[in-house]
Amino acid sequence: MPSQAHLGLPTLGVLAEGAVLLRGFALEQSEELLLGIAAVCEYAPFRHLVTPGGLRMSVAMTNCGAVGWVSDREGYRYAALDPDSRLPWPAMPPTFTALATQAAARAGFPGFVPDCCLVNRYEPGARLTLHQDRNERGYTAPVVSVSLGVPAVFQFGGLRRTDPTTRADLEHGDVVAWGGPARMNFHGVLPLREAEHPETGNLRYNLTFRLAR
Ligand code: SIN
Ligand code: FE2
């Protein structure tokens, strides 16, 4: 039997208390979101950041919004200027902000207005090891994450790195929002499998919205 997502009806799943999976929530806007990503990366190209430990991240990143998430030998932080160009990050497209606000509200976090959108690009094999989103100034606002292109396996755990994780297949148009008791939960993405998506080829994109400042 086809799932509701296949019929175009958004479904709601709970990954943990305070962590909600909104199946297909961004499907209708997916084309516009991909055009937005193309515009952002023309101005602020994708790059492979280096971790404080000196490792090149397999996920390529860029940002839009008032601040952007960056990493280098000095540490992880939010910066108002793109360290490559020394220019401000491109503005967040209004469709991005509206989607993040709507998804957060649907997940039980009304009034979310992000000031940062981290754009992640995964090629086959790229992954994000378990981590917490903890560089924001406060943790009262949720994190909203939008998946586009090739599907990926998302891991969602608890407050300790060693806590058991739930796995969810995140497909084109899926949104996950976590906040409240789940705001500091560890999460990650398993190595991207080789696959083809009609709109992105063998790539996966992820938009992660936060209130950083
Ligand atoms: C992140 O944790 O910043 C990204 C998660 C994802 O790519 O789904
Ligand atoms: Fe994260």
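Residues numbered from 1 in each chain as written. Chains lettered and ligands numbered in written order. Predicted model: local features only at pLDDT ≥ 70, side-chain atom pairs only at ≥ 80, totals over all residues. Heavy atoms only, no water.

S.K.: I would appreciate a short explanation of the sheet that holds strand 12 (residues 187-189) in the present structure.
M.R.: Strands in a sheet are paired, the pairing made by backbone hydrogen bonds, and the direction either parallel or antiparallel. Overall, antiparallel pairing links the 4 strands, which are arranged 7-12-9-10 in an open sheet. Both outer strands of the open sheet, strand 7 (128-131) and strand 10 (166-170), are each paired with one neighbouring strand and no more. Here the average twist between neighbouring strands, direction ignored, is 20°. Of the strand pairs in this sheet, strand 7 and strand 12 are connected by 2 bridges, and their pairing is antiparallel. Note that in strand 12 the partner of H131 across the bridge is H187. (Pairing = 2+ DSSP bridges. Helix = DSSP H or I, 4+ residues; strand = E, 2+ residues; numbered from the N terminus. Axes fitted to C-alpha atoms, helices over the stretch in contact; angles between N-to-C directions.)

S.K.: What's the story with the coordination of the iron ion (ligand 2) in this structure? I'm lost.
M.R.: By definition of the ideal shapes, four donors in a tetrahedron about a metal sit 109.5 degrees apart, and six donors in an octahedron sit 90 or 180 degrees apart. Only H131 (NE2), D133 (OD) and H187 (NE2) from the protein reach the iron ion (ligand 2) as donors, at distances of 2.1 to 2.2 Å. Relative to the metal, the 4 donor atoms surrounding the iron ion (ligand 2) lie at angles of 88 to 173°, and the coordination shape comes out irregular. Between consecutive donors of the iron ion (ligand 2), the numbers of intervening residues give the motif H-x1-D-x53-H. Of this pair, H131 sits in strand 7 while H187 sits in strand 12, placing them 56 residues apart in sequence. (Donors = N, O, S within 2.8 Å, 3.2 Å for Na, K, Ca; no water. Tetrahedral: all angles 85-135°; square planar, octahedral: opposite > 155°, others 65-115°.)

S.K.: Explanation requested: the environment of Y139 in the structure shown.
M.R.: Structurally, the position occupied by Y139 is in the loop between strand 7 and strand 8 (143-149). On the basis of relative accessible area, Y139 is assigned to the partly exposed category, the value being 34%. Residues Y139 and T129 lie 10 residues apart in sequence; the distance between their C-alpha atoms is 21 Å. Those residues in contact with Y139 that lie beyond four places of it in its chain are D133, R134, R183 and M184. A distance of 2.6 Å separates a polar atom in the side chain of Y139 from the backbone oxygen of R134. (Buried < 20%, exposed > 50% of the residue type's maximum accessible area, 1.4 Å probe, protein only. Contact = heavy atoms within 4.5 Å. Polar contact = N/O pair within 3.5 Å; in protein donor to acceptor, adjacent residues only side chain to side chain.)

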